[in-house]
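What the coordinates show
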Amino acid sequence: MNKGYRIFSIILTILTVLATGFFVYQLVKLGVLPTQILLPIIAAIILIVLIMALLVVFMAKSVVSRSITSILMVLICAIIAFGGFNIYKTSSMLSNITTPEGKVANKISVVALKDSQIENLKGLRDNKFGILNTLDRVGTDKCLDAIANENVTITQTGFDGLNAEVAALYDHSVDAIILNEARRGSVAENEQYANFDNDTKVVYETVYYTDAVQGSAKKVNDITQQPFTVLISGSDSRNGFAEAGRSDVNMVATVNPQTHTVLLTSIPRDFYVTTQCDEGYGCAQGQLDKLTHTGLHGVETTKKTIENFLGIEINYTLRVNFNSVVNLVDALGGIDVFVPEGYAVESFWTNPAYGVHEGENHLDGEGALAFARERYAYTEGDFQRVKNQQTVLMAIAQKALSPAVIVNYSRLMDALGGALETDLSDEEIQKLIHNQIDNGGNWNFITTTLDGTGSTEFCAELGDRAYVTIPNEESVQMARQQIQEVLEGQPVTESAPAQEQPAEQPQEETPVVEDQTYVEESTSQGDVYYGEDQTYVEDPVYYDPNAVDSTYGY
């Protein structure tokens, strides 16, 4: 036998054996396959590699047989190595999403006007500070304590609302203000302060931390046998899960593994609810506000508020990084969504570069995000946005389970690792997969959306009035009944369609307010409320991921 070929065949065999060992190790480590399936797969792979090694090293004599067996061996080695790498990426993704950040950073800044001569904390000595009287008291007090520890004496001026505090900075009534960085986006969305980031500078900053997740005590004992609930919370935080942000997507998934039923209950972001949180989170405990504002104090506050609102216990949380939807959809090669008759949109207000037509639409990441955020183009407003969010989630799931995903599998795993975070454990996810493989069966997915009527009410987290959705009590009672039916394994009562609200159509001109009463106007930047001494814009504007971010990511 040719000496060069023998060396080549031995090296090729060693590489294939190493690739096989890596594949088997990663497959066992992943732990998603039951033993009765795992062992035959491992045995078959080892047998194939053994046979090919014997053919390549000892039995192939002619040039033709050597060429054929070598090519086959190279292909087998490549396939096994590729499979092992993708299993490794899957394992890393599961580890990433099931290991929530232990703490969430809450940044509290001392902000001054950019043209001010103040450059640091000492420059503020004996000057006037604007603080919020009740909002963010935990963070405000921590910042004031830190300032006192620096031996800097200040004069405090209290304000009941965020807009009033910022206005005082602009008109020089105060020299600086204390601002929770999670509220920076709300300030900049106010038309009067659209250039807030450019007009101001941070001269001092403190950080305090709250727990990311506290729900371990509510976990079920056997996730394959007992029904459970999962809060799916989508945050608009620009810096991922490490910082608090508004919860713009709020869904409760009720899962019964015995009946193979999943009920997805969507709650509009503007629902006017009573805020609930643990001491230390700094929320407006017991006060009415939009559901989306609970996210400013972390997912635990959102979870407790929804538990109180629906009268249920939530066992797990699944956090979705809203802006990572772009990377996730692009990693899938785009998604396909169906738009029914009458729901075509030529150009979204959230991103004018995108729109949808009736029928099937193929959307890239930016298009999917714009579609999921749009509400001004629809008569049903926020209710249609919730439906679009459900459509996007379903489309992502369908594409992720299709064979075509193998082409971008590694990229998809990376995107999932940055887009999701859950307090479900690796073991619980493995049990769910084991159970599905062992028992099979199709799942029945049911979607429902709570409804209500639009109104303008005082929001505790703003200290101002803003547009909200007053919950329809009949709709809420039906949601509670449906959740209980799924938990008890009963047939789910069909709910009535969500009530339509008046369209929040954009207008170009500002209405004249003569009687100083609040008037709502919708613009491309969001809901604007005109009233005495204030204009407030609440809804998130389109965020360009290609834009140059400021220090704080907005």
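Here, residues in each chain are numbered from 1, in the same order as that chain's written sequence. Only residues with pLDDT of 70 or above have their local features reported here, since the model is predicted, and side-chain atom pairs are shown and tallied only from 80 upward, although totals for entire chains, interfaces and linings are computed over all residues. With hydrogens and water set aside, each side-chain value is computed from the structure's full complement of heavy atoms.

Our focus in this paragraph is a nonpolar patch on the surface. Patches in this entry comprise residues that are over 30% relatively accessible and not in a salt bridge; like charges within 9 Å are linked, as are nonpolar side chains (Val, Leu, Ile, Met, Phe, Trp, Tyr) within 5 Å. Only the protein chains shown count as cover for residues, and the accessible areas themselves come from Shrake-Rupley with a 1.4 Å probe. Whenever a carboxyl oxygen of Asp or Glu lies within 4 Å of a side-chain nitrogen of Lys or Arg, that contact is scored as a salt bridge. Residues Ile7, Ile10, Ile11, Ile14, Leu15 and Leu18 make up a contiguous nonpolar surface patch of about 550 Å² in total accessible area. Each helix is a run of DSSP H or I of at least 4 residues and each strand a run of E of at least 2, with the numbering of both proceeding from the N terminus. Mapped onto the elements of the fold, Ile7 is located in helix H1 (residues 3-30). Judged by relative accessible area, Ile7 falls into the partly exposed class, the value being 45%. The classification of residues rests on relative accessible area computed with a 1.4 Å probe and restricted to protein chains. Under 20% of the type maximum is buried, over 50% is exposed, and intermediate values are partly exposed.

Moving on to the pattern of salt bridges. Should their charged atoms come close, side chains of opposite charge can pair. One pass over the full model with this rule turns up 16 salt bridges. The partner of Arg184 in a salt bridge is Asp197, and the shortest N-O contact between them spans 2.8 Å. Highlighted residues: Arg184 in helix H6 (residues 184-188) and Asp197 in helix H7 (residues 196-199), separated in sequence by 13 residues. Here Arg269 ties to Asp248 by a salt bridge, and the two come within 3.0 Å at their closest N and O atoms. Taken together, the residues span a long stretch of sequence, with Arg269 in the loop between strand S8 (261-266) and strand S9 (272-274) and Asp248 in strand S7 (residues 247-256) at a distance of 21 residues.

So, about the packing of H1 against helix H2 (residues 35-59). To define axes, lines are fitted to C-alpha atoms, for helices over the stretch in contact only, and angles between the resulting N-to-C directions are given on a 0 to 180 degree scale. Contact geometry for H1 and H2: axes closest at 10 Å, N-to-C directions at 175°. What the angle tells us is that H1 and H2 run roughly antiparallel. In this structure, H1 uses Tyr5, Arg6, Ser9, Thr13, Thr16, Thr20, Phe23, Val24, Leu27 and Val28 to contact H2, whose residues at the interface are Leu38, Ile41, Ile42, Ile45, Ile46, Val49, Ala53, Val56 and Val57. Side-chain classes are defined by residue name, with Ala, Val, Leu, Ile, Met, Phe, Trp, Tyr, Cys and Pro counting as nonpolar, Asp, Glu, Lys and Arg as charged, and the others, Gly among them, as polar. Of the residues belonging to the contact of H1 with H2, the class tally is 14 nonpolar, 4 polar and 1 charged. Under this scheme an angle from 65 to 115 degrees is roughly perpendicular, one under 35 degrees roughly parallel, and one over 145 degrees roughly antiparallel; angles in between are oblique. Contacts: residue pairs with any heavy atoms within 4.5 Å of one another.

Another aspect to go through is the nonpolar core. To define a nonpolar core, start from buried Ala, Val, Leu, Ile, Met, Phe, Trp, Tyr and Cys residues and group those joined through side-chain atoms within 4.5 Å. Core analysis: the biggest nonpolar cluster contains 65 residues, and Ile335, Phe371 and Leu412 have the highest contact counts within it. Ignoring any residue separated from it by four or fewer positions in sequence, one finds Ile335 in contact with Val329, Asn361, His362, Leu363, Ala368, Val392, Ala395 and Ile396. Of all hydrophobic cores here, the second largest spans 19 residues; its members include Ile118, Leu121, Ile147 and Ile178.

Here we come to the packing of H2 against helix H3 (residues 63-97). For any two helices packed against each other, one specifies the inter-axial angle together with the distance between the axes. Running from amino to carboxyl end, H2 crosses H3 at an angle of 150°, the nearest separation of the two axes being 10 Å. The pairing of H2 with H3 is recorded here as roughly antiparallel in orientation. Relative to H3, H2 is oriented so that their crossing is left-handed. In this structure, H2 uses Ile45, Ile48, Val49, Met52, Ala53, Leu55 and Val56 to contact H3, whose residues at the interface are Thr69, Ser70, Leu72, Met73, Ile76 and Ile80. Definitions for this section: a left-handed crossing has its near helix turned counterclockwise from the far helix by less than a right angle. A right-handed crossing has that turn clockwise.

Right, let's get into the side chain of Asn315. Inspection of the secondary structure puts Asn315 in the loop between helix H8 (299-310) and strand S11 (316-321). The exposure class of Asn315 is buried, given its relative accessible area of 7%. Polar contact criterion, stated in full: a pair of N or O atoms within 3.5 Å, where within protein one must be able to donate a hydrogen and the other to accept it, and residues adjacent in sequence count only if both atoms are side-chain atoms. Within the structure, Asn315 has its side chain in polar contact with the backbone nitrogen of Thr229 (distance 2.9 Å).

Of all 9 residues making up helix H10 (residues 365-373), 9 are buried, and the element is well covered by its neighbours. All buried positions along H10 are accounted for by Gly365, Glu366, Gly367, Ala368, Leu369, Ala370, Phe371, Ala372 and Arg373. Buried residues along H10 sit in contact with helix H9 (325-331), strand S12 (335-339), strand S13 (359-363) and helix H11 (382-400). Between a side-chain oxygen at the N-terminus of H10 and the backbone nitrogen of Glu366 the separation is 3.4 Å; the capping residue is Asp364.

Below, the discussion takes up helix H13 (residues 426-439). Multiply 1.5 Å by the residue count of a helix minus one, and that product is the helix's expected span. Given a rise of 1.5 Å per residue, 14 residues ought to cover 20 Å, and the 20 Å separating the end C-alpha atoms of H13 matches this to within 8%. Taken together, the buried positions of H13 are Glu428, Ile429 and Asn435. Along the axis of H13, the buried positions cluster into a sector of 125°, meaning they face one direction only. Buried residues in H13 make contact with H3 and S11. The positive-phi residue at the C-terminal boundary of H13 is Gly440, with phi of around 60°. Think of the arc as the fan of directions from the helix axis to the C-beta atoms.

Per-residue confidence for the protein chain gives a mean pLDDT of 81; residues scoring 70 or more make up 84%. As a per-residue quantity, pLDDT reports the predictor's confidence and falls between 0 and 100. Mean pLDDT across the secondary structure elements of the protein chain bottoms out at strand S18 (residues 519-523), with 37, and peaks at S9, with 96. In this model, residues 500-554 is a region of pLDDT below 50 whose contacts with residues beyond four sequence positions or in other chains number 148 contacts.

Here we come to the sheet that holds strand S6 (residues 228-235). Backbone hydrogen bonds are what pair the strands of a sheet, in a parallel or an antiparallel way. Read across the open sheet, the 6 strands follow the order S14-S11-S6-S7-S8-S15; overall the sheet is mixed. Since the sheet does not close on itself, it has two edges, and those belong to strand S14 (420-422) and strand S15 (444-449), each with one partner. Across this sheet, the average inter-strand angle for adjacent strands is 20°, counted without regard to direction. Pairing analysis gives 6 bridges linking S8 to S15, with the strands arranged parallel. Counterpart to Val262 in the pairing with S15 is Phe445. Along the sheet, helix H12 (residues 409-419) makes contact with S11 and S14, crossing S14 at roughly 55°. Pairing between strands requires that DSSP locate at least two bridges from one strand to the other.

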